Every structure is written in structure tokens, then in C-alpha cells.
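Coordinates in review
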Amino acid sequence: MTCFGEKHPEAKYWWGFNDFKFYVLHVKACYYVGGYGGMNYIGWLPMNEYRQVTSSTTLEFHIQL
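Small disclaimer: the values here were computed from a predicted structure and weren't measured. (Residues numbered from 1 in each chain as written. Predicted model: local features only at pLDDT ≥ 70, side-chain atom pairs only at ≥ 80, totals over all residues. Heavy atoms only, no water.)

Considering the overall build of the protein
Secondary structure summary: the protein contains two helices and two strands in total. Scanning the protein from its N terminus toward the C terminus, one meets helices and strands in the order α-β-β-α. The burial tally for the protein puts 12% of its 65 residues in the buried class. Pairs at least 24 residues apart make up 2% of the contacts formed inside the protein by residues separated by at least 6 positions. For the protein, the accessible area works out to roughly 6,400 Å², and carbon and sulfur atoms hold 57% of it. (Helix = DSSP H or I, 4+ residues; strand = E, 2+ residues; numbered from the N terminus. Buried < 20%, exposed > 50% of the residue type's maximum accessible area, 1.4 Å probe, protein only. Contact = heavy atoms within 4.5 Å. Areas by Shrake-Rupley, 256 points an atom, 1.4 Å probe, with all protein chains shown as cover.)

See the structure below:
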């Protein structure tokens, strides 16, 4: 919780509650619905590309129409 507390110090108040828990998500598949206007994508994301994305990168998909 130390790392989380450094990024979100306001959350330390909730740590004492019995129903406060951390969860880890193990993504097996990802269906994306997003975009705006002509710049949109709806469909399954390739998991090999999804797993390579970091907070400093942007996931780009080339959609063939």
C-alpha cells in the first residue's frame, strides 16, 4: 500500500475500513468500444499489443475498412 499511498495520499483514510481491499486484474481478453466521430474503434484488441502498452505509450490500431 505504500506505493499506492504515495500516489494517492487522500486514500489513506480508507485503509482502516474492513471492506477496503486491493484487487489485481488478470486480463485475458479486451473488447474496446471508444472513439469519436470518424476516429473510433469497436472490437477485440490484440492481447500481444495490449500487454506491450505502458503508461507512456499510446496503443494504435490500423483499421482496414
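Remarks on the pairing of strand 1 (residues 31-36)
Here strand 1 runs beside strand 2 (residues 39-44); their pairing, made up of six bridges, is antiparallel. For Gly34, the partnering residue across the bridge sits in strand 2 and is Tyr41. Hairpin geometry of strand 1 and strand 2 is characterised by an intervening segment of two residues between the two adjacent antiparallel strands and by a positive phi of about 60° at Gly37. (Pairing = 2+ DSSP bridges.)

Things to note about the environment of Lys12
Within the secondary structure, Lys12 sits in the loop between helix 1 (2-7) and strand 1. Each C-alpha atom of the pair Lys12 and Thr2 lies 9.5 Å from the other, and the pair is 10 residues apart in sequence.

Structural notes on the packing of aromatic side chains
The final tally for this structure, using the stated rule, is seven aromatic pairs. With centroids separated by 4.9 Å and ring planes inclined at 80°, the aromatic side chains of Tyr13 and Trp14 adopt a geometry described as edge-to-face. Grouped by ring-pair contacts, the aromatic residues Phe4, Phe20 and Phe22 constitute a single cluster. (Phe/Tyr/Trp six-rings, centres within 6.5 Å; stacked < 30°, edge-to-face > 60°.)

Observations concerning a nonpolar patch on the surface
A contiguous nonpolar surface patch, about 480 Å² in accessible area, is contributed by Tyr31, Val33, Ile42 and Trp44. Those elements that provide at least two residues to the nonpolar patch are strand 1 and strand 2. Within the secondary structure, Tyr31 is located in strand 1. (Patch = residues over 30% accessible without salt bridge, like charges linked within 9 Å, V, L, I, M, F, W, Y side chains within 5 Å. Salt bridge = Lys/Arg side-chain N within 4 Å of Asp/Glu carboxyl O.)

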